[in-house]
Amino acid sequence: MSKTPTDNTLQAIISHAKEYGFVFPSSEIYDGLSAVYDYGPYGSQLKKNIRDYWWNSMTQMNENIVGIDAAIFMHPTTWKASGHVDSFSDPLIDNKDSKKRYRVDHLIEGHAEKLIEEAAKAGDAGDELRKRADKLIADMDALFANDDFAGLKKIIEDNKIHCSVSGTGNWTEIRQFNLMFSTELGSVAEEASTIYLRPETAQGIFVNFLNVQKTARMKIPFGIAQTGKAFRNEIVARQFIFRMREFEQMEMQFFIKPGTQKEWYEYWKNERMNWHLSLGIPAEKYRYHDHVKLAHYADAALDIEYEFPFGFKEVEGIHSRTDFDLSRHQEFSKKKMQYFDTEINQHYIPYVIETSVGLDRLFLLILSNSYEEETINKEDGTTDSRVVLHLPAKIAPNKLAILPLTKKDGLPELAKELMNDCKKSFHCFYEEKDAIGKRYRRQDAIGTPFCVTIDHQTKEDGTVTIRHRDSMGQERIPMSQVKALVLEAINK
RNA sequence: GCGAAAGUAGCUCAUUUGGUAGAGCACGACCUUGCCAAGGUCGGGGUGGCCGGUUCGAGCCCGGUCUUUCGCUCCA
């Protein structure tokens, strides 16, 4: 079986990420752990730079957005209020013949809808069918409330609900997949002490809404930003670091006056896309995907999708969450989650627009977009190749490589002088081993935007050669101007 | 979770019917060199993913298992 080009691209990126210290399989000496990955020296730095760029674009560039860092552990009631305990654990059933998997509630509801359709055709005689459909739904809800899986399976069998693909009623047992990881707080494993690893970071923002609003003296509209780990026990976690069980989110919840959600939804939709484009990613690699079927908390939702080597996939979600979360926390905690608006002299529970990016997905996006196996036509007519990461200068792990042409004649001393000056301002890399061309290629492979070569002429007139990663072009500039040139490129 | 393919050195891969593993690149030392993956010498690195079976003998055959990729499914 031949591989498609896209297979090769993702494979090449995975190999490159491992070989150059960006991403390793977790616990690799023990054969790895499914869908868990570790970030290496350059990977962790790149990830941090992406996170910092996002954080600054939120909290530094907007006077009305502040940050928090909430704990991963939260009071168990948080997840009852958010709806995660109920809707994050869907019982599933498989058809043994077609191998298709269904959510049990979808399967039974689908059958009920079919009964109602038949009832409509049958006219007056359809009353019986309508009653059956209603009873079916009522029975299902009752069984769900008691977690009675055996009873649910009996419903499926009694009603002769069949798989739409195989047409058979040959079902497996119903199984529950709880997508939240749980553990015990305290040394005694009692029911009451069960807590969850957060499946999203957003709730840490909602429960702190009043703390933040009061202490930072925020006035609506304002936002709270947070980055941090979240955990989901995905049934299927795949495609490298795209879907992991432990992942990092960068979320900003923007609190607004009820009734203004449409305009703020549009505002953040554009704002966030512009942010992505500011990383130099071509616009045609992005698209919006509007949600038709909305989550329980949203009145509008869309994904920003990027064309990965394996197709268009979600990178960021923008949700109009209404006052669902704050209302639910008010209900469950019995604490008022209201804001007093001095402009209209009224209390209200704010509405929320959420922007939520997967940091690991963004990392993969940037790696995919930057990775190039380039063929170079040399002056003598022969061709050469290089692997280069066209990382934006502002997020590249190394900003500048300082390379003395030889390791003698006092060139290393001059190079280290420059190194000591520049490393206070940004990440530099120093190397005197191997031929200069080889050192250039190594820096290309990890995406270093600039290389500076110290040669014999430097000793005479204080100039150096600066080499640009993408064009491979070189120019001669005074050594004293190197730092300013790199800083300008980073801050652009 | 189902189906398909794969797993040999850090990376990319050889080893064609079973006979105790090689190359290129990478890595370390030294010599020569000095502006786009230079040359030479020497060296380190693999219980062939793991476990078991068949066999006098298994990287190769068989079973199981783990991991990865692809398709389906799932992704509030």
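This text goes with the structure placed above it.
In this text, all values refer to a predicted model and were calculated from it rather than measured experimentally.

Engineer: Just checking my understanding: could you explain the overall build of chain A for this structure?
Structural biologist: Across its full length, chain A holds 16 helices and 23 strands. Principal axes of the C-alpha set define a box for chain A whose edges measure 100 × 65 × 50 Å. Burial status across chain A gives 48% buried among its 492 residues. Of the contacts formed within chain A by residues at least 6 apart in sequence, a portion of 64% connects residues at least 24 apart. Taken as a whole, chain A presents about 24900 Å² of accessible surface, with 50% of it coming from carbon and sulfur. Charge separation in chain A, taken as the distance between the mean sites of 64 positive and 74 negative side-chain charges, equals 2 Å.

Engineer: Teacher, can you tell me more about the environment of isoleucine 156 here?
Structural biologist: Mapped onto the fold, isoleucine 156 is located in helix 7 (residues 149–158). A C-alpha to C-alpha distance of 31 Å links isoleucine 156 and arginine 238, two positions 82 residues apart in sequence.

Engineer: Is there a simple way to explain a negative patch on the surface in this structure?
Structural biologist: A cluster of acidic residues, Glu109, Glu113, Glu117, Glu118 and Asp141, forms a negative patch on the protein surface. Judged by relative accessible area, glutamate 109 falls into the partly exposed class, the value being 32%.

Engineer: Would you explain helix 14 (residues 436–446) in this entry?
Structural biologist: Residues separated by three or four positions in an α-helix point in the same direction, a consequence of the helix having 3.6 residues per turn. Within the sequence span of helix 14, burial applies to Arg439, Tyr440, Gln443, Asp444, Ala445 and Ile446. Glycine 447 sits one or two positions beyond helix 14 and adopts a positive phi of about 85 degrees.

Engineer: When you look at the state of the cysteines in this model, what are you seeing that I'm missing?
Structural biologist: As used here, a disulfide is simply a covalent bond connecting the sulfur atoms of two cysteines. By the definition in use, this model includes zero disulfides. Free cysteine cysteine 428: the closest other cysteine sulfur is in cysteine 422, separated by 4.9 Å. Free of any disulfide, cysteine 451 has its nearest neighbouring cysteine sulfur in cysteine 428, separated by 11 Å. A relative accessible area of 0% places cysteine 451 in the buried class.

Engineer: How should the environment of proline 412 be read in this particular structure?
Structural biologist: Examined against the element boundaries, proline 412 turns out to sit in helix 13 (residues 411–422). Relative accessible area serves as the criterion here: at 8%, proline 412 is assigned to the buried category. When the C-alpha positions of proline 412 and aspartate 455 are compared, they lie 9.6 Å apart, and in sequence the two are 43 residues distant. Once you skip the residues sitting within four places of it in the chain, proline 412 turns out to touch Pro404, Thr406, Lys407, Tyr430 and Glu432.

Engineer: Sorry, what's going on with the protein's contact with RNA strand B here?
Structural biologist: For RNA strand B, the set of nearby residues contains 50 residues, the closest of which are Ser15, Lys18, Arg238, Arg243 and Asp455. For RNA strand B, the backbone portion of the atoms within 4 Å of the protein, that is sugar and phosphate, comes to 53%. One nitrogen or oxygen atom from the side chain of serine 34 is found 3.3 Å from a phosphate oxygen belonging to RNA strand B. For RNA strand B, a phosphate oxygen lies 2.8 Å from a polar atom in the side chain of arginine 442. Of all the secondary-structure elements, those providing two or more residues to the surface near RNA strand B are helix 1 (5–19), strand 5 (101–103), strand 18 (383–389), helix 14 and strand 22 (463–468). Counting residues per element, the surface near RNA strand B draws most heavily on helix 14, which supplies seven residues. Of the residues assigned to the surface near RNA strand B, the class counts are 14 nonpolar, 13 polar and 23 charged.

Engineer: Explain the sheet that holds strand 16 (residues 351–358) here, please?
Structural biologist: Paired through their backbone hydrogen bonds, the strands of a sheet run either parallel or antiparallel. Overall, mixed pairing links the seven strands, which are arranged 3-9-10-16-13-12-11 in an open sheet. The open sheet has two edge strands, strand 3 (65–67) and strand 11 (286–290), and neither has a second partner. Strand-to-strand twist across the sheet, computed as the mean angle between neighbouring axes with direction ignored, equals 25 degrees. Pairing of strand 12 (residues 300–308) with strand 13 (residues 311–322), which is carried by nine bridges, proceeds in the antiparallel orientation. Paired with glutamate 307 across the bridge in strand 13 is phenylalanine 312.

Engineer: Explain the side chain of glutamine 226 here, please?
Structural biologist: Mapped onto the elements, glutamine 226 comes out in strand 9 (residues 222–231). Within the local environment of glutamine 226, its side chain forms a polar contact with the backbone oxygen of threonine 201, the two atoms lying 3.1 Å apart. Those residues in contact with glutamine 226 that sit more than four places away from it in its chain are Trp54, Trp55, Ile68, Asp69, Ala70, Arg198, Thr201, Ile205, Gln249, Met250 and Glu251.

Engineer: What am I meant to see in the layout of surface pockets here?
Structural biologist: By rolling a water-sized probe across the atoms, one finds the places where empty space is left. Approximately 490 Å³ is the volume attributed to the second largest pocket. Tyr53, Asn56, Lys394, Ile490 and Asn491 are, among the 17 residues lining the second largest pocket, the residues nearest its centre. Listed by contribution, the elements that provide at least two residues to the lining of the second largest pocket are helix 2 (41–60) and helix 16 (482–491). The element that contributes the greatest number of residues to the lining of the second largest pocket is helix 2, accounting for six residues. A class-by-class count of the residues in the lining of the second largest pocket yields six nonpolar, seven polar and four charged.

Engineer: What is the right way to look at the pattern of salt bridges in this model?
Structural biologist: Pairs can form between side chains of opposite charge whenever their charged atoms are close. Scanning all chains against the criterion turns up 22 salt bridges. Salt-bridge contacts for aspartate 434 lead to arginine 442; the nearest nitrogen and oxygen are separated by 2.8 Å. Connected via shared salt-bridge partners are Lys47, Arg51, Glu248 and Asp360.

Criteria and thresholds
Residues numbered from 1 in each chain as written. Chains lettered and ligands numbered in written order. Predicted model: local features only at pLDDT ≥ 70, side-chain atom pairs only at ≥ 80, totals over all residues. Heavy atoms only, no water. Helix = DSSP H or I, 4+ residues; strand = E, 2+ residues; numbered from the N terminus. Buried < 20%, exposed > 50% of the residue type's maximum accessible area, 1.4 Å probe, protein only. Contact = heavy atoms within 4.5 Å. Areas by Shrake-Rupley, 256 points an atom, 1.4 Å probe, with all protein chains shown as cover. Lys, Arg positive; Asp, Glu negative; His and termini not counted. Charge placed at Lys NZ, Arg CZ, Asp CG, Glu CD. Patch = residues over 30% accessible without salt bridge, like charges linked within 9 Å, V, L, I, M, F, W, Y side chains within 5 Å. Salt bridge = Lys/Arg side-chain N within 4 Å of Asp/Glu carboxyl O. Disulfide = S-S within 2.5 Å. Near = heavy atom within 4 Å. Polar contact = N/O pair within 3.5 Å; in protein donor to acceptor, adjacent residues only side chain to side chain. Nonpolar A, V, L, I, M, F, W, Y, C, P; charged D, E, K, R; others polar. Pairing = 2+ DSSP bridges. Axes fitted to C-alpha atoms, helices over the stretch in contact; angles between N-to-C directions. 1 Å grid on protein atoms, 1.4 Å probe; cavity = no way out; pocket = protein on both sides within 12 Å on 5 of 7 lines; lining within 4 Å. Points joined across faces, edges and corners; volume = space filled by probe spheres on them.

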